[in-house]
Amino acid sequence: MELHGENDFKVKSYQSVVNSLERHSKSLSVMDVEELQKIEGVGKSLAQSIYRINEQGSFELYDDLSAKTPDGILEMMQLSGFGPKKIKLIWEKLEIDNLEDLLIACKENKIAALKGFGNKTQIKLQEAVEYKLSWRGYIHFREAKKLSEKIIEDLKTIEGVTKVSVTSATRRKMEVIKPLEILIAAENKAKIIQYITKNEEYVLDKKNSGPLSLKFTYKPLKAEVNFVFTAKDQFINDLFKTTSHPNHLNASLANGETFSHILKEKQFTSEEEIYKAANLPFIVPELREGLWELDWAKNNTVPKLVEMSDLKGILHNHSTYSDGKNSLEEMAKYCKDLGYEYLGISDHSKTASYANGLQEFRIKKQHEEIDVLNEKLAPFKIFKGIESDILNDGSLDYANDVLESFDFVVASIHSPLSMDEKTATNRLLNAIVNPFTTILGHPTGRLLLQRKGYPINHKAVIDACAQYEVVIEINAHPWRLDLDWRHVRYALDKGVQISINPDAHETNGYHDMFYGLCVGRKAGLTANETFNAKSLEELSKYFKDRKKSALSKI
Ligand SMILES: [Zn+2]
Ligand SMILES: [Zn+2]
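Reading the values: rules and limits
- Each chain carries its own residue numbering, running from 1 in the direction its sequence is written.
- Numbering of ligands from 1 and lettering of chains from A proceed in the order in which they are written.
- Totals for whole chains, interfaces and linings use all residues, but because this is a predicted model, local features are given only for residues with pLDDT of at least 70 and pairs of side-chain atoms are given and counted only at 80 or more.
- Hydrogens and water molecules were not included; the side-chain quantities draw on all heavy atoms of the structure.
- When DSSP finds two or more bridges between two strands, those strands count as paired.
- Only DSSP runs of H or I covering at least 4 residues are called helices, and only runs of E covering at least 2 are called strands; the numbering of each starts at the N terminus.
- Only rings of Phe, Tyr and Trp enter the pairing, Trp through its six-membered ring, and a pair is recorded when the two centres are within 6.5 Å. The plane angle decides the type: under 30 degrees is stacked, over 60 is edge-to-face, the rest tilted.
- Exposed residues in this analysis have more than 50% of their type's maximum accessible area, buried residues have under 20%, and partly exposed residues fall in between, with area computed by a 1.4 Å probe over protein chains only.
- By definition here, charges over rings are those cases where NZ of Lys or CZ of Arg is within 6 Å of the ring centre and within 35 degrees of the ring normal.
- Each metal site lists N, O and S donors within 2.8 Å (3.2 Å for Na, K and Ca). With water left out of the atoms, a site can look as if it is missing ligands.

Student: Honestly, the sheet that holds strand β11 (residues 408-412) in this entry has me stumped. Any pointers?
Tutor: Strand pairing in a sheet is mediated by backbone hydrogen bonds. Such pairs are either parallel or antiparallel. Within the open sheet, the seven strands sit side by side as β8-β9-β10-β11-β12-β13-β14. Their pairing is parallel. The sheet is open, and its two edges are formed by β8 (313-317) and β14 (498-501), each paired on a single side.

Student: I keep staring at the packing of aromatic side chains and nothing clicks. Help me out?
Tutor: How two aromatic rings sit relative to each other is given by the distance of their centres and the angle of their planes. All chains considered together, the criterion is met by 22 aromatic pairs. With centroids separated by 5.0 Å and ring planes inclined at 80 degrees, the aromatic side chains of F216 and F227 adopt a geometry described as edge-to-face. Residue F216 is found in strand β6 (residues 213-218), and its partner F227 is found in strand β7 (residues 223-230); the two are separated by 11 residues along the sequence. With 6.2 Å between their ring centres and 75 degrees between their planes, Y542 and F543 make a pair best called edge-to-face. The buried category is assigned to F543, whose relative accessible area is 4%. One aromatic cluster is present, built from ring pairs that chain together Y342, F383, F408, F531, Y542 and F543. Residue placement shows K522 over the ring face of W485; its charged tip is 4.8 Å from the ring centre.

Student: Is there a simple way to explain the coordination of the zinc ion (ligand 1) in this structure?
Tutor: Ideal geometry at a metal centre: 109.5 degrees between donors when four sit tetrahedrally, and 90 or 180 degrees when six sit octahedrally. Taken together, E387 (OE), H414 (NE2) and H442 (NE2) make up the full set of protein donors to the zinc ion (ligand 1), lying 2.1 to 2.2 Å away. Read in sequence order, the donor residues for the zinc ion (ligand 1) give the motif E-x26-H-x27-H. Between the two metal centres, the zinc ion (ligand 1) and the zinc ion (ligand 2), the spacing is 3.4 Å, with E387 acting as a shared donor. Within this pair, whereas E387 is found in strand β10 (residues 381-389), its partner H442 is found in the loop between β12 (439-440) and α21 (458-467), the two being separated by 55 residues in sequence. Like E387, the residue H442 is buried in the burial classification.

Rendered as structure tokens:
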């Protein structure tokens, strides 16, 4: 609407309705017009529009606006740091409607001359465009996993398909995927071509397909998918070959041999056999990156990786006290129902006014509610936490006597995010030194495929966490997965504890823990090194001791 110059008042009213719809805990899809109108800010015409979405998948205003908006403009709207007003200006004044032309315009210095832009903004824009273009065609691991499961289910029903598995980067549980590869042993390829061409959501890439592979695009996600064909008795060898990173496959083993050589010797019937032939212990697919896993294998020190069942509780979560969708009680009960021993609630702090952050008097209210719930739900326990904004100078945004009232504090940067490495690192270091900081939240602020995050000196930040015994989170939201697993390895080597935190803003968000677990395992994370694998008793003691030590330092 902003892009097409609708009046500001109308735009704002839609924005505020979207906020209230997003926070509504009941599914909109089962409501009728009357019930929809009871939601704050939803009038009759909007209720009818929502109802039409339920019935027909869309509504008039949306159809009109999307018909006159080129796809390239929608892609430009996703550029981090650039809102619709700026994109509209570029579109109108320079008639640019796609990323490629926008990049050329930046390089030709045409953007800086536009009103309200200038040199600095042009540089930022060029960086954002280059970032976006470099990740084109990639999808997040969560989407790749879901899509692959659906495709594999379909393929299993096709006559003549004898074996099928997801492979390559998706099987290694990489955080972003391109292409999604599936290995297939099939007697009848024509049937598989038919499966692709009959599905409206797939577009076969005839030019790049051949007898050994079929390439196509999954339109809703613009995802590249690749079917790789093999013979039934060659399946395990090819599964191993396509799964492994080349650095794993071609690393020098004993006697200068490599897995590539071993695979040529015979057709294996399991991957375990392949490692046996190499005289090495088994290595799970997510570790096969050719980084550290072969040294572990050679020294027989492959760690026993953390598993879902090791996780005893869920820390870093939001409720309706700040910008969450579910009430504190709903969040707690669902966590308990999932079999966890504890929940750490950490709503936004007062600086995060956009997220309804907690002023001091509301913290008191929340703590009273937690006390009541803890009696009701015992032995399950809710820990009193906060996600405290790290301010510009690195301080947390409450006075010490307020910080003292929490069991734990997640310290995170939310804004401003535009910083150079030195500024960002110093800001984090100051927060880490604060004795009340328990966990460092999403250390780089990145959103995979969307926003690079601010640059930090990883070594300095991790070293400080080790020194001040601050836990680092792997924010398990599939768009964040921050701290990156490559740096998690360094943190583990320094003895830093890692917490797998879903940053759930609704009960369903708990299930994102799985994605954090996957990348933690890529770094070799064990249960012992995982903060939320501690039992309720262990964690209670930890928080108590930590607070005692904090109080002695202030
Ligand atoms: Zn946050
Ligand atoms: Zn959060």
